[in-house]
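# Descriptive analysis of the structure
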Amino acid sequence: MPIDATQPYDDQNIFAKILRGEIPSKRVYEDDFAIAFHDINPQAPTHLLVIPKGAYVSWDDFSARAPDAEIAGFIRAVGTVARAAGLVEPGYRLLANIGRDGHQEVPHLHVHVFGGRPLGPMLAQ
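Here goes a summary of the coordinates provided. (Residues numbered from 1 in each chain as written. Predicted model: local features only at pLDDT ≥ 70, side-chain atom pairs only at ≥ 80, totals over all residues. Heavy atoms only, no water.)

## Looking at the layout of surface pockets
Quick reminder of the rule: Cavity: a set of points on a 1 Å grid over the protein atoms alone where a 1.4 Å probe fits but cannot get out. Pocket: an open set with protein on both sides within 12 Å along at least five of seven lines, its lining residues, like those of a cavity, having an atom within 4 Å of a point. Grid points are joined across faces, edges and corners, and a volume is the space filled by probe spheres set on the points. Helix numbering and strand numbering both begin at the N terminus, where a helix is a DSSP run of H or I of at least 4 residues and a strand a DSSP run of E of at least 2. Gly counts as polar in this scheme, as do all residues outside two lists: the nonpolar Ala, Val, Leu, Ile, Met, Phe, Trp, Tyr, Cys and Pro, and the charged Asp, Glu, Lys and Arg.
There is about 670 Å³ of room inside the largest pocket. Going through the elements one at a time, helix 1 (14–19), strand 2 (34–38), strand 3 (46–52), strand 4 (92–95) and strand 5 (111–115) are the ones with two or more residues in the lining of the largest pocket. It is helix 1 that contributes the most residues to the lining of the largest pocket, three residues altogether. Here the lining of the largest pocket is built from residues that sort into 15 nonpolar, 10 polar and five charged.

## Side note on the nonpolar core
Condition: Here, the term nonpolar core denotes a set of buried Ala, Val, Leu, Ile, Met, Phe, Trp, Tyr and Cys residues that are joined through side-chain atoms within 4.5 Å. Only protein chains enter the accessibility calculation, which uses a 1.4 Å probe; a residue whose area is less than 20% of its type maximum is buried, one above 50% is exposed, and one in between is partly exposed. Working rule for contacts: check all heavy atoms of both residues, and any pair within 4.5 Å makes them a contact.
Counting residues in hydrophobic clusters, the biggest one holds 16 residues, and the most contacted among them are Val50, Phe62, Phe74 and Val113. At the level of secondary structure, the elements contributing two or more residues to this core comprise strand 2, strand 3, helix 3 (68–84) and strand 5. Among all residues touching valine 113, those that are not within four sequence positions of it are Thr46, His47, Leu48, Val50, Ala82, Leu87, Tyr92, Arg93 and Leu94. By size, the runner-up hydrophobic cluster in this structure holds seven residues, among which are Phe15, Ile35, Phe37 and Ile51.

## A closer look at a nonpolar patch on the surface
Note the following rule: Patch membership needs two things, relative accessible area over 30% and no salt bridge, and members are linked within 9 Å if like-charged or within 5 Å if nonpolar (Val, Leu, Ile, Met, Phe, Trp, Tyr). For the accessible areas, the method is Shrake-Rupley and the probe is 1.4 Å, while residue cover comes only from the protein chains on display. Take a side-chain nitrogen of Lys or Arg and a carboxyl oxygen of Asp or Glu: if they are within 4 Å of each other, that pair is a salt bridge.
A contiguous nonpolar surface patch, about 250 Å² in accessible area, is contributed by Trp59, Ile75 and Ile98. Structurally, isoleucine 98 can be placed in the loop between strand 4 and strand 5.

## Details of the pairing of strand 1 (residues 27–30)
Under the convention used in this document: Whether two strands pair depends on DSSP finding at least two bridges between them.
Pairing geometry for strand 1 and strand 2, over three bridges, is antiparallel. Considered in strand 2, the bridge of arginine 27 is made with phenylalanine 37. Remark: three residues form the turn of the hairpin made by strand 1 and strand 2, two consecutive strands paired antiparallel.

## Brief notes about helix 3
Residues spaced three or four apart along an α-helix point in a common direction, a consequence of the helix completing one turn every 3.6 residues. The condition that has to hold: Here the expected span of a helix is defined as 1.5 Å times the quantity of residues minus one.
The terminal C-alpha atoms of helix 3 lie 24 Å apart, and with 17 residues this matches the ideal 24 Å at 1.5 Å per residue to within 8%. Within helix 3, burial applies to Glu70, Gly73, Phe74, Ala77, Val78, Gly79, Val81 and Ala82. At its buried positions, helix 3 is contacted by strand 1, strand 2, strand 3, helix 2 (59–65), strand 4 and strand 5. Looking one or two residues beyond helix 3, the residue adopting positive phi is glycine 86, at roughly 75°.

## Concerning the sheet that holds strand 3
Condition: Here an angle of 0 to 180 degrees is reported between the N-to-C directions of two axes, which are lines fitted to C-alpha atoms, with helices fitted over the stretch in contact.
Reading across the sheet, the five strands line up as 1-2-3-5-4 and stay open at both edges, with antiparallel pairing between neighbours. At either end of the open sheet lies a strand with only one pairing partner, and these are strand 1 and strand 4. Recorded for the sheet is a direction-independent mean angle of 20° between the axes of neighbouring strands. The strands that helix 3 touches are strand 1, strand 2, strand 3, strand 4 and strand 5; relative to strand 3, the one it contacts most, it runs at about 160°.

Structural data, given as structure tokens:
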């Protein structure tokens, strides 16, 4: 069920629990700013999630409140994950769902990294 991205951060969301090690994940990357792991319901041959370690509900929340170093570190982490997965040459898609209309389901900023096949049109008709 999509969430309201204007609500305060809920530290009981699934990604907060993954960050705390309460829920296992198949991690592929970690640094001071972010972790990346395989999506449990992949929508493409490669489907990774990259999340900041900070408590941010959405891209809007992150861009408004995160320090510059954290923003840069997170964006670099997304690029590093895509390169490490071998997605640069064939191409890939980044997706960040924000709020109800964007169909955001977890109230923690996350970027989907899709690849491994032609991905089709940007939006479903």
